[in-house]
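Observations on the three-dimensional arrangement
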Protein chains: 2
Amino acid sequence: MTQHTSRHYEQELQALKEKILLLGGKVEEMIASAMKSLLNRDPDLARRVIASDREVDAAELDSDHLCLSLLALRQPAASDLRFIATALKIVTDLERIGDLAVNIAERSIELNEEPPLKPYIDIPRMATAASSMVGRALDAFVRRDPVLAREVLGSDSAVDQLNVQLFRELLTYMIEEPRNVTRALRITFIAKYLERIADHATNIAQMVIFMCEGRDVRHPAAQEGEAEEF
Amino acid sequence: MTQHTSRHYEQELQALKEKILLLGGKVEEMIASAMKSLLNRDPDLARRVIASDREVDAAELDSDHLCLSLLALRQPAASDLRFIATALKIVTDLERIGDLAVNIAERSIELNEEPPLKPYIDIPRMATAASSMVGRALDAFVRRDPVLAREVLGSDSAVDQLNVQLFRELLTYMIEEPRNVTRALRITFIAKYLERIADHATNIAQMVIFMCEGRDVRHPAAQEGEAEEF
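Read on for an overview of the structure. Keep in mind it's a predicted model, so treat the numbers as computed, not measured.

**Topic: the overall build of chain A**
- Assigned secondary structure in chain A consists of 7 helices and 0 strands.
- Ordered by position in the sequence, the α and β elements of chain A form the string α-α-α-α-α-α-α.
- Seen through its C-alpha atoms, chain A measures out along the principal axes to roughly 70 × 40 × 25 Å.
- Per-residue burial over chain A gives 57% buried out of 230 residues.
- Considering only intrachain contacts with a sequence separation of at least 6, the fraction spanning at least 24 residues in chain A is 83%.
- For chain A, the accessible area works out to roughly 9600 Å², and carbon and sulfur atoms hold 51% of it.

In structure tokens form, the structure reads like this:
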């Protein structure tokens with residue numbers, strides 16, 4: 001590789017990182033706005049979240065194109081190859097996080113059409129935790145930092161616990177009073193979406209650790225003698 | 001590329017296709033067994049589904065390793081590059097379909113501990129439809145067949161409709177009788193898992209069309225002037 005092409009290559013890798021951080025920032029913003037639309041009973045904001053899904057979709061395409069172009073034209077070596085392969089997988093997770101923020105916004109619009117069931121306490125906590133996991137997982141990715149990625153893995157159980165706790169509470173509402181069922185179900189769904197956002201962040205963090213260490217924390221049990229090291 | 005390496009390369013590509021079809025067959029079998037455990041009230045079968053998740057995880061790793069090795073050592077040209085990049089994305093969807101089959105098996109064990117709420121009619125239909133979508137999406141992938149992939153896209157709305165229909169029915173059960181709530185919720189979750197399996201199959205089919213045609217059906221609106229053609 002000439003010095004000139006090598007500089008280009010570094011610039012393209014840098015551009016890939018920036019695209020992914022930008023996409024991550026976009027979906028974090030969507031989660032925050034979907035949550036705000038729920039708490040402030042603001043259906044207009046929810047509709048803006050739904051509309052902004054287009055930008056996420058465009059960014060995913062854009063990032064995939066850059067990855068393919070890097071793979072085809074630059075023939076990257078081992079560690080960059082892993083980085084680009086991981087980028088291909090990560091943007092799919094980010095796009096689906098965007099879809100989940102849209103789903104939250106949809107339920108927020110529906111909930112806004114009825115009187116509030118109860119004050120939201122755990123849901124905003126779950127949203128903050130899940131969103132922070134997404135941001136940290138992506139930081140770990142661009143910095144190739146397995147220590148930060150492992151921290152993200154440690155946060156997942158807090159979100160799961162909040163979800164279980166909220167589910168039990170909403171179940172009580174549903175059993176006590178049939179008129180609560182529809183609203184309680186919609187809130188249950190929002191909690192489920194947030195749990196899935198945290199799961200996507202966990203998946204990203206696991207892929208980052210695999211990328212950095214070649215060891216698979218996605219499926220530790222599956223590894224014994226199964227897949228040869230690359 | 002010498003004739004010798006070229007033959008090796010073809011063999012490796014063939015091995016990748018076979019690995020992915022095998023993984024697909026495995027997750028289809030898990031969906032079928034999870035469903036059988038629900039219908040026949042067979043918790044042992046459900047536990048076997050849960051245990052078999054390890055094999056799916058190992059197969060995902062194995063396929064990822066082969067993709068990275070093909071990218072690193074074979075420097076594949078445009079159309080094979082797309083094929084391998086798509087394989088990297090697809091196995092993630094397959095692994096998550098395996099997780100969803102595990103979730104169905106978990107709910108099946110819980111439902112088996114209580115008397116049946118109602119005969120299952122729509123759930124097995126959804127399972128058959130979703131599982132067939134997975135199989136056809138993977139066939140479309142290995143054959144690089146966008147026509148078959150488009151057929152898969154057409155099947156998604158049938159699964160969504162069954163889910164909506166079942167959700168309304170279960171809502172009635174919950175509102176009529178508080179004792180039904182827990183069981184009806186678990187069945188709702190199973191329907192949701194099946195809908196998500198169909199969504200994963202849809203994602204796979206969309207990626208196959210993109211792979212074959214370079215056009216993105218994932219996000220048609222997002223494409224206008226956004227991402228340059230690769």
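**Looking at helix H5 (residues 122-142) of chain B**
Residues and elements named next belong to chain B.
- The end-to-end C-alpha separation of H5 is 31 Å, in line with the 30 Å expected for 21 residues at 1.5 Å each.
- With 15 of its 21 residues buried, H5 lies for the most part within the structure.
- After H5 finishes, the residue Arg-144 shows a positive phi value of roughly 50 degrees.

**Quick notes on the nonpolar core**
- Of all hydrophobic cores here, the largest spans 150 residues; its most connected members are Leu94(A), Leu194(A), Leu94(B) and Leu194(B).
- Residue contacts for Leu94(A): discarding those within four places in its chain leaves Ile20(A), Leu23(A), Gly24(A), Val27(A), Val56(A), Val134(A), Leu138(A) and Ile204(A).

**Quick notes on the environment of Leu194(B)**
Residue and element names in this part refer to chain B.
- You can see Leu-194 is positioned in helix H7 (residues 181-213).
- Take Leu-194: its relative accessible area is 0%, and that puts it in the buried class.
- Each C-alpha atom of the pair Leu-194 and Cys-67 lies 29 Å from the other, and the pair is 127 residues apart in sequence.
- Those residues within four positions of Leu-194 in sequence are excluded, and the remaining contacts are Ile-31, Met-35, Ile-104, Ile-123, Met-126, Ala-127, Ala-130 and Val-159.

**Observations regarding the packing of aromatic side chains**
- This model, assessed by the stated rule, comprises 4 aromatic pairs over all chains.
- Each ring, one from Phe189(A) and one from Phe167(B), has its centre 5.8 Å from the other, and the planes form 45 degrees; the classification is tilted. Of this pair, Phe189(A) sits in helix H7 (residues 181-213) while Phe167(B) sits in helix H6 (residues 146-176), on two different chains.
- Looking at Phe189(A), the relative accessible area reads 10%, which means it is buried.
- By relative accessible area, Phe167(B) is classed as partly exposed at 23%.

**Focus: the pattern of salt bridges**
- Within the structure shown, the criterion is met by 35 salt bridges over all chains.
- Notably, a salt bridge pairs Glu106(B) with Arg107(B), separated by 3.9 Å at the nearest N-O pair.
- Of the residues examined, Glu106(B) reaches a relative accessible area of 28% and is grouped as partly exposed.
- The exposure class of Arg107(B) is buried, given its relative accessible area of 14%.
- Shared partners join several salt bridges into a network, and the residues in it are Glu106(A), Arg107(A), Glu110(A) and Arg186(A).

**Overview of the side chain of Asn203(A)**
- Within the element layout of this structure, Asn203(A) appears in helix H7.
- According to the relative accessible area criterion, Asn203(A) is buried, its value standing at 18%.
- Discounting chain neighbours no more than four positions away, the residues touching Asn203(A) are Asp93(A) and Arg96(B).

**Notes on the packing of helix H2 (residues 43-51) of chain B against helix H4 (residues 78-112) of chain B**
Residue and element names in this part refer to chain B.
- Where H2 contacts H4, the axes come no closer than 9 Å and their chain directions differ by 155 degrees. Considering the angle they form, H2 stands roughly antiparallel to H4. Crossing of H2 over H4 shows left-handed handedness. Along the contact surface, H2 presents Pro-43, Ala-46, Arg-47, Val-49 and Ile-50, while H4 presents Ala-101, Val-102, Ala-105, Glu-106, Ser-108, Ile-109 and Asn-112.
- Residue composition of the contact of H2 with H4, grouped by class: 8 nonpolar, 2 polar and 2 charged.

**Points about the packing of helix H3 (residues 53-74) of chain A against helix H4 (residues 78-112) of chain A**
Residue and element names in this part refer to chain A.
- At a closest axis distance of 10 Å, the pairing of H3 and H4 adopts a crossing angle of 170 degrees. Accordingly, the angle class assigned to the pair H3 and H4 is roughly antiparallel. Touching Asp-53, Val-56, Asp-57, Glu-60, Ser-63, Asp-64, Cys-67, Leu-70 and Leu-71 of H3 are Leu-81, Ile-84, Ala-87, Leu-88, Val-91, Thr-92, Leu-94, Glu-95, Gly-98, Asp-99 and Val-102, all from H4.
- Considered class by class, the residues forming the contact of H3 with H4 number 11 nonpolar, 3 polar and 6 charged.

**Comments concerning the side chain of Arg183(B)**
Residues and elements named next belong to chain B.
- Position of Arg-183 relative to the elements: it lies in helix H7.
- Of the residues examined, Arg-183 reaches a relative accessible area of 11% and is grouped as buried.
- In contact with Arg-183, not counting residues within four places along its chain, are Leu-111, Glu-114, Pro-115, Pro-116 and Leu-117.

**Remarks on unusual backbone geometry**
All names here are of chain A.
- Even without being a glycine, Arg-41 presents a positive backbone phi close to 50 degrees.
- Structurally, Arg-41 can be placed in the loop between helix H1 (3-39) and helix H2 (43-51).
- By relative accessible area, which is 32% here, Arg-41 ends up partly exposed.
- We note that Arg-144 has phi near 50 degrees; this positive angle belongs to a residue other than glycine.
- Looking at the secondary structure, you find Arg-144 in the loop between helix H5 (122-143) and helix H6 (146-176).
- Judged by relative accessible area, Arg-144 falls into the partly exposed class, the value being 28%.

**Let's talk about the environment of Thr86(A)**
Residue and element names in this part refer to chain A.
- Along the chain, Thr-86 falls in helix H4.
- On the basis of relative accessible area, Thr-86 is assigned to the buried category, the value being 8%.
- Sequence separation between Thr-86 and Ile-204 is 118 residues; the distance between their C-alpha atoms is 8.6 Å.
- Residues within four places of Thr-86 in sequence aside, it is in contact with Phe-141, Met-207 and Met-211.

What counts, and where the lines are drawn
- Residues numbered from 1 in each chain as written.
- Chains lettered and ligands numbered in written order.
- Predicted model: local features only at pLDDT ≥ 70, side-chain atom pairs only at ≥ 80, totals over all residues.
- Heavy atoms only, no water.
- Helix = DSSP H or I, 4+ residues; strand = E, 2+ residues; numbered from the N terminus.
- Buried < 20%, exposed > 50% of the residue type's maximum accessible area, 1.4 Å probe, protein only.
- Contact = heavy atoms within 4.5 Å.
- Areas by Shrake-Rupley, 256 points an atom, 1.4 Å probe, with all protein chains shown as cover.
- Expected span 1.5 Å × (residues − 1).
- Core = buried A, V, L, I, M, F, W, Y, C linked by side-chain atoms within 4.5 Å.
- Phe/Tyr/Trp six-rings, centres within 6.5 Å; stacked < 30°, edge-to-face > 60°.
- Salt bridge = Lys/Arg side-chain N within 4 Å of Asp/Glu carboxyl O.
- Axes fitted to C-alpha atoms, helices over the stretch in contact; angles between N-to-C directions.
- Parallel < 35°, antiparallel > 145°, perpendicular 65-115°, else oblique.
- Left-handed = near helix turned anticlockwise from the far one by under 90°.
- Nonpolar A, V, L, I, M, F, W, Y, C, P; charged D, E, K, R; others polar.

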